[in-house]
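Letter by letter, the chains look like this.
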Amino acid sequence: MAEAARGRILEPVSRRSGRRTGGREPVSETVGGGLAQLLPDPDRPNGWELLLDGAPQSHVDLDEPARLAFEYQRRLGHVADLAAPAGRPLSALHLGGGGLTLARYLAVTRPRSVQQVAEPDTRLTAFVRQRLPLPDGSRVRVRGADARDVLAGLPEGWADLVLADIFHGARTPAHCTSGEFLDEVRRVLRPGGSYTANLADGPPLHHLRAQVATVRSRFPEVCLVADPAVLRGRRFGNAILLAADGELPTAELTRRCAGDPHPGRLLTGRELAGFTGGASVVTDATATDSPQPPPGAFH
């Protein structure tokens, strides 16, 4: 689920639908999660924005798959860039498929990477793959199953990188927010591997604080990146969480996020611990869906 900000300080395509799109028309289809729409980007001759029930989900540029338009996707791209030396192939697991934007990104920035995607909405996947084909040579397998079912079926130590961008509509399902969920993530990660997640919350940030506390209970090294206004609880938005057993590339990640069109602030260490505000660790028994975005969040 994408925040409203775009990577070039432009409003989303969904706000610019009145501008010329080179003769291209929006396309839509009813999928498992509701109405999927692809809107042509008037600024990119082969760019499209995917919406699910009116909520911006992702942006794909078929001419430049390494171009990440949404700010949260740019930050996930930074994490992927720093997960290993440049160009080295990765074994990557994407929990949540959508427009397959990050899978496309890794396919072109790290050729020969092996990628699996957990996306239970098979009708959405078929719609996306028909309209927005993957780059030639992509080694991407999309599995039509729930994130936890896919995790359970993978061998121990399979993944260098696990990217979680799990939304049903505009909310993350409860069973993908718990410590038990993270236990499965840790099992699938190789030694030295990284876990990153796209989270969405707004004031008073109960969900985000609890997610940070839960990840900190499972990983020794954790950092969080978000727009300062989101971290201060002034508006609803996205935050990117990064966790690993070893040292995180916080200095370079800070530099990259500070240089983005919409600069992000990074929290780690004692500052991140203070941010949790004593939030409790989430378990399968206590987990709830992430909060519903407020009215007007995408308009």
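Please refer to the structure higher up on the page.
Scope of this entry: the structure provided in the associated data block. Since the structure is predicted, the reported quantities are computational estimates derived from the model, not experimental observations. (Residues numbered from 1 in each chain as written. Predicted model: local features only at pLDDT ≥ 70, side-chain atom pairs only at ≥ 80, totals over all residues. Heavy atoms only, no water.)

## Examining helix H1 (residues 71-82)
Thought 1: Compared with the 16 Å implied by 1.5 Å per residue over twelve residues, the 17 Å span of H1 between its first and last C-alpha is a close match.
Thought 2: Listed as buried for H1 are Glu71, Tyr72, Gln73, Arg75, Leu76, Gly77, His78, Val79 and Ala80. (Helix = DSSP H or I, 4+ residues; strand = E, 2+ residues; numbered from the N terminus. Expected span 1.5 Å × (residues − 1). Buried < 20%, exposed > 50% of the residue type's maximum accessible area, 1.4 Å probe, protein only.)

## A look at the pattern of salt bridges
Thought 1: Throughout the structure, instances matching the rule amount to 14 salt bridges.
Thought 2: We note a salt bridge from Asp284 to Arg148, for which the minimum N-O separation is 2.8 Å. With Asp284 in the segment after helix H9 (269-276) and Arg148 in helix H4 (residues 147-153), this pair connects stretches of sequence that are 136 residues apart.
Thought 3: The exposure class assigned to Asp284 is partly exposed, which follows from its relative accessible area of 37%.
Thought 4: A salt bridge links Arg235 to Asp227, with the shortest nitrogen-to-oxygen separation between them at 3.3 Å.
Thought 5: The partly exposed category is assigned to Arg235, whose relative accessible area is 30%.
Thought 6: Exposure remark for Asp227: the relative accessible area of 17% places this residue in the buried category.
Thought 7: Beyond isolated ion pairs, a larger network of salt bridges with shared partners links Asp81, Glu252, Arg255 and Arg256. (Salt bridge = Lys/Arg side-chain N within 4 Å of Asp/Glu carboxyl O.)

## Quick look at unusual backbone geometry
Thought 1: Look at the link from Pro203 to Pro204: it is a cis peptide, with omega at 10 degrees.
Thought 2: In this fold, Pro204 is placed in the loop between strand S9 (189-201) and helix H6 (206-218).
Thought 3: Positive phi, close to 75 degrees, is recorded for Arg112, a residue that is not glycine.
Thought 4: Its relative accessible area of 57% is what places Arg112 among the exposed residues.

## Considerations on the side chain of Gln116
Thought 1: Note that Gln116 resides in strand S6 (residues 114-118).
Thought 2: A polar contact of 3.2 Å, which involves the side chain of Gln116, links it to the side chain of Arg143.
Thought 3: Aside from chain neighbours lying at most four places away, what touches Gln116 is Ala92, Leu93, His94, Arg141, Arg143, Leu154 and Trp158. (Polar contact = N/O pair within 3.5 Å; in protein donor to acceptor, adjacent residues only side chain to side chain. Contact = heavy atoms within 4.5 Å.)

## Points about the sheet that holds strand S8 (residues 159-164)
Thought 1: Spatially, the eight strands line up as an open sheet ordered S7-S6-S5-S8-S9-S11-S10-S12, and their pairing is mixed. Of all strands in the sheet, those bounded by a partner on one side alone are strand S7 (140-143) and strand S12 (265-268). Averaged over all adjacent pairs, the angle separating strand axes in this sheet is 15 degrees, with direction ignored.
Thought 2: As paired elements, S8 and S9 share five bridges and run parallel to each other. Bridge assignment links Leu161 to a residue of S9, and that residue is Ser194.
Thought 3: Contacting strand S5 (91-95), S8 and S9, helix H5 (residues 179-188) runs over the sheet at an angle of about 145 degrees to S9. (Pairing = 2+ DSSP bridges. Axes fitted to C-alpha atoms, helices over the stretch in contact; angles between N-to-C directions.)

## So, the sheet that holds strand S1 (residues 27-31)
Thought 1: Strand order in this open sheet of four strands is S1-S2-S3-S4, and the pairing throughout is antiparallel. Only two strands of the sheet have a single partner each, and these edge strands are S1 and strand S4 (55-61). Sheet twist, expressed as the average angle between the axes of neighbouring strands with direction ignored, equals 20 degrees.
Thought 2: Here S1 runs beside strand S2 (residues 34-40); their pairing, made up of five bridges, is antiparallel. Paired with Thr30 across the bridge in S2 is Leu35.
Thought 3: Across the sheet, helix H3 (residues 122-131) is in contact with S1, S2 and strand S3 (47-52); its angle to S1 comes to roughly 160 degrees.

## Some details on the packing of aromatic side chains
Thought 1: Within the structure shown, the criterion is met by two aromatic pairs.
Thought 2: With a centroid separation of 6.1 Å and an interplanar angle of 5 degrees, the aromatic rings of Tyr195 and Phe219 are classed as stacked. Placement of the pair is Tyr195 in strand S9 and Phe219 in the loop between H6 and strand S10 (221-226), with a sequence separation of 24 residues.
Thought 3: Of the residues examined, Tyr195 reaches a relative accessible area of 4% and is grouped as buried.
Thought 4: You can call Phe219 buried: its relative accessible area is 4%.
Thought 5: Positioned over the ring face of Phe219 is Arg186, at 5.0 Å from the centre of the ring.
Thought 6: Sitting over the ring of Phe275, Arg209 keeps its end group 4.7 Å from the ring centre. (Phe/Tyr/Trp six-rings, centres within 6.5 Å; stacked < 30°, edge-to-face > 60°. Lys NZ or Arg CZ within 6 Å of the ring centre and 35° of its normal.)

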